Amino acid sequence: MNQYLVTAYDYTDEGALERRMSVRPHHLDAAKTLKENGNYVLGGAILNDKGEMAGSVMVLQFDTEEELAAWQQSEPYITQKIWETVDIKPFKVANVR
């Protein structure tokens with residue numbers, strides 16, 4: 001499987017955090033499905049200076065670019081305009097023993 005590092009930053013308008021929190025359950029449900037399917041490696045929130053969620057980092061893996069594109073088209077934080085910028089780079093998790 002091809003692995004990807006996803007780094008995303010939220011919109012910064014006045015209602016951004018409230019929107020994020022309302023969409024968060026859907027995002028977490030989608031992440032659970034990714035995990036069940038073997039596509040989710042790890043993820044978490046980027047915090048701002050106040051300790052509030054301001055973005056996300058995820059390591060995902062897919063067999064094909066088409067599967068990656070399908071994830072992008074269905075990810076709630078993308079479709080619901082939570083993430084303002086999304087950077088996806090090829091990545092390789094180190095296998096440390």
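In case you missed it, the structure is sitting above this.
Every chain is numbered on its own, with residues counted from 1 as its sequence reads. Only residues with pLDDT of 70 or above have their local features reported here, since the model is predicted, and side-chain atom pairs are shown and tallied only from 80 upward, although totals for entire chains, interfaces and linings are computed over all residues. Heavy atoms from the whole structure form the basis of all side-chain values; hydrogens and water molecules are not counted.

A. Quick peek at the overall build of the chain. The number of helices and strands found in the chain is 3 helices and 4 strands. Listing every helix and strand of the chain by position from the N terminus yields β-α-β-β-α-α-β. Atoms counted for the radius of gyration: C-alpha only. Globule rule: 2.2 Å times the number of residues to the power 0.38. For 97 residues, the compact-globule estimate of 2.2 N^0.38 gives 13 Å, and the C-alpha radius of gyration of the chain, at 14 Å, lies within 12% of that figure. Across its three principal axes, the chain shows a C-alpha extent of roughly 40 × 30 × 20 Å. Contact criterion: two residues are considered in contact whenever any of their non-hydrogen atoms come within 4.5 Å of each other. Considering only residue pairs separated by 6 or more positions, the chain has 67% of its internal contacts joining residues 24 or more positions apart. Of the roughly 6400 Å² that the chain leaves accessible, carbon and sulfur atoms contribute 51%. In this count, Lys and Arg are taken as positive residues and Asp and Glu as negative ones, while His and the chain termini are left out. We put the charge of a Lys on NZ, of an Arg on CZ, of an Asp on CG and of a Glu on CD. When the 10 positive and 15 negative side-chain charges of the chain are each reduced to one mean point, those points stand 6 Å apart. Segments assigned H or I by DSSP are reported as helices when at least four residues long, segments assigned E as strands when at least two residues long, and all are numbered from the N terminus. Computed by Shrake-Rupley with a 1.4 Å probe, the accessible areas treat only the displayed protein chains as cover when residues are assessed.

B. How the structure looks around the layout of surface pockets. Points on a 1 Å grid, built from protein atoms alone, make a cavity when a 1.4 Å probe fits but cannot get out and make a pocket when they are open with protein on both sides within 12 Å along at least 5 of 7 lines; residues with an atom within 4 Å of a point are the lining residues. Grid points are joined across faces, edges and corners, and a volume is the space filled by probe spheres set on the points. By volume, the largest pocket amounts to about 170 Å³. Taken together, 14 residues make up the lining of the largest pocket; nearest its centre are His 27, Leu 28, Gly 43, Gly 44 and Ala 45. Where the lining of the largest pocket is concerned, the elements lending two or more residues are helix H1 (16–36), strand S2 (40–47) and strand S3 (53–62). Among the elements that take part in the lining of the largest pocket, H1 stands out by supplying 5 residues, more than any other.

C. Just unusual backbone geometry, in detail. Despite not being glycine, Lys 81 has its phi angle at roughly 60°, a positive value. With respect to the helices, strands and loops of the structure, Lys 81 is situated in the loop between helix H3 (76–79) and strand S4 (83–91).

D. Structural detail: the packing of aromatic side chains. The pairing test for Phe, Tyr and Trp rings, Trp by its six-membered ring, is centres within 6.5 Å, and the orientation test on the planes gives stacked under 30 degrees, edge-to-face over 60, and tilted for anything in between. Evaluated as defined, the whole model comprises 3 aromatic pairs. Seen in terms of ring centroids, Trp 71 and Trp 83 are 6.5 Å apart; in terms of plane orientation they differ by 55°. Their pairing is tilted. Of the two residues, Trp 71 sits in helix H2 (residues 65–74) while Trp 83 sits in strand S4, which places them 12 residues apart along the sequence. Taking the centre distance of 5.4 Å and the plane angle of 75° together, the rings of Tyr 77 and Trp 83 count as edge-to-face. According to the relative accessible area criterion, Tyr 77 is buried, its value standing at 0%. Buried means the residue's accessible area, taken with a 1.4 Å probe over protein chains only, is under 20% of the maximum for its type, while exposed means over 50%, and partly exposed covers the values in between.

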